[in-house]
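The chain contents come next:
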Amino acid sequence: MKKYMIFGASKGLGDAFAKGLPQQGDQVWVVSRNRPNSLDVQDGVKRIWIQADLSKQEAAADIVKSLTAETIDVLIYNVGIWEKDGFEDHYNFDKDEPAEVANIIQVNITSTITCIQSLLPNLRKSGAGKIIFIGSTAGLEHTNNAQVSFVASKFGLRGITNAVREHVRKDNIAVTCINPGELAAEIPYEAGAEKALSEYGGTRIPVQDIISLVKCVISLSKAACVKEIHVPAMQDVNA
């Protein structure tokens, strides 16, 4: 039996992780601001909702209180917000408000650091824990994204990954960052990969592909550590 914690689990890729990763008998803490519908799935997986608003500085402490001394074998940190209209053609960095910038950094960077720090005692109990951060190809070099705060946060996530990896190397905790390109995240996991491929003409990555990658990383022995995986969409010439 494995024990998972999945952040950002109420929709999109996080919802897919909550439904597609665990097997019968596993336990999953799903962390989100809104109630995830994966709690209603009857598949022999025990799912426990931890309600948390990562825009609040006390979120990390609240999450840890819900866990007490439980073991976490696999932590999936799938968190990322971006600027209003950030991926629209009319997006303009000049119009970003300071409060919006601060909130993006709080959710995407500060809460990442404080939550991981708070959960290390639970991960150490596993003996061979794994932390998997979900980044973005926007955080890579030369990918032509103009969303300054979001891009900065995803570059920063890669730095967090590298530093945390060194910190927990002695604990046999493997730390990986997966950087997907544009996902077909609006297509529910249960609808299947073929639905996602047909809906977007093969231009967006089905969430099932990322699930498969994460399953591979999780299956590796404690002797191996995958540092980083880049997964651009095949048709994205900027990634």
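In case you missed it, the structure is sitting above this.
Calculation rules
- Residues numbered from 1 in each chain as written.
- Predicted model: local features only at pLDDT ≥ 70, side-chain atom pairs only at ≥ 80, totals over all residues.
- Heavy atoms only, no water.
- Pairing = 2+ DSSP bridges.
- Helix = DSSP H or I, 4+ residues; strand = E, 2+ residues; numbered from the N terminus.
- Axes fitted to C-alpha atoms, helices over the stretch in contact; angles between N-to-C directions.
- Contact = heavy atoms within 4.5 Å.
- Polar contact = N/O pair within 3.5 Å; in protein donor to acceptor, adjacent residues only side chain to side chain.
- Phe/Tyr/Trp six-rings, centres within 6.5 Å; stacked < 30°, edge-to-face > 60°.
- Buried < 20%, exposed > 50% of the residue type's maximum accessible area, 1.4 Å probe, protein only.
- Core = buried A, V, L, I, M, F, W, Y, C linked by side-chain atoms within 4.5 Å.

A. The sheet that holds strand β2 (residues 27-32), seen in detail. Pairing is parallel across the open sheet formed by seven strands, whose spatial order is β3-β2-β1-β4-β5-β6-β7. Looking at the sheet topology across the chains shown, the edges are occupied by β3 (46-51) and β7 (228-231). Averaged over neighbouring strand pairs, the angle between their axes works out to 15° when direction is ignored. Pairing of strand β1 (residues 3-7) with β2 involves five bridges; the strand directions are parallel. Within β2, the position partnered with Ile-6 by the bridge is Val-30. Docked against the sheet, helix α1 (residues 12-20) engages β1, β2, β3, β4 (74-77) and β5 (130-134), running at close to 165° with respect to β1. Running at roughly 155° to β1, helix α2 (residues 59-67) makes contact with β1, β2 and β3 of the sheet.

B. Seen up close, unusual backbone geometry. Despite not being glycine, Thr-68 has its phi angle at roughly 55°, a positive value. Mapping Thr-68 onto the fold places it in the loop between α2 and β4.

C. Representation of the side chain of Ser-32 in the model. Within the secondary structure, Ser-32 is located in strand β2. Of note is the side chain of Ser-32, whose polar atom sits 3.1 Å from the side chain of Trp-49. Setting aside residues no more than four positions away along its own chain, Ser-32 makes contact with Ala-9, Ser-10, Trp-49, Ile-50, Gln-51 and Ala-52.

D. Region of the structure containing the packing of aromatic side chains. Following the criterion strictly, the structure yields two aromatic pairs and no others. Ring plane angle 35° and centroid distance 4.5 Å describe the contact between Phe-7 and Tyr-77, whose orientation is recorded as tilted. Of the two residues, Phe-7 sits in strand β1 while Tyr-77 sits in strand β4, which places them 70 residues apart along the sequence. No difference in accessibility class separates Phe-7 from Tyr-77, as the two residues are buried. Aromatic rings pair up to connect Phe-7, Tyr-77 and Phe-133 into one cluster.

E. Expanded view of the side chain of Asn-179. Within the element layout of this structure, Asn-179 appears in strand β6 (residues 174-180). Judged by its relative accessible area of 0%, Asn-179 is buried. A polar contact is formed between the side chain of Asn-179 and the backbone nitrogen of Ser-136, at a distance of 3.3 Å. Polar side-chain contacts of Asn-179 include one of 2.8 Å to the side chain of Glu-228. Those residues in contact with Asn-179 that sit more than four places away from it in its chain are Gly-135, Ser-136, Thr-137, Leu-140, Arg-158, Glu-228, Ile-229, His-230 and Val-231.

F. Layout of the nonpolar core. In this structure, Met-5, Phe-7, Ile-63, Leu-75 and Ile-131 are the most contacted members of the largest nonpolar core, which totals 31 residues. Where this core is concerned, the elements lending two or more residues are β1, β2, α2, β4, α3 (98-124), β5, α4 (148-168) and β6. In contact with Leu-75, other than residues within four places in its own chain, are Met-5, Phe-7, Ile-116, Leu-119, Leu-123, Lys-130, Ile-131 and Ile-132. Counting residues in each nonpolar core, the second largest holds 27 residues, with Leu-13, Leu-21, Ile-76 and Ile-229 among its members.

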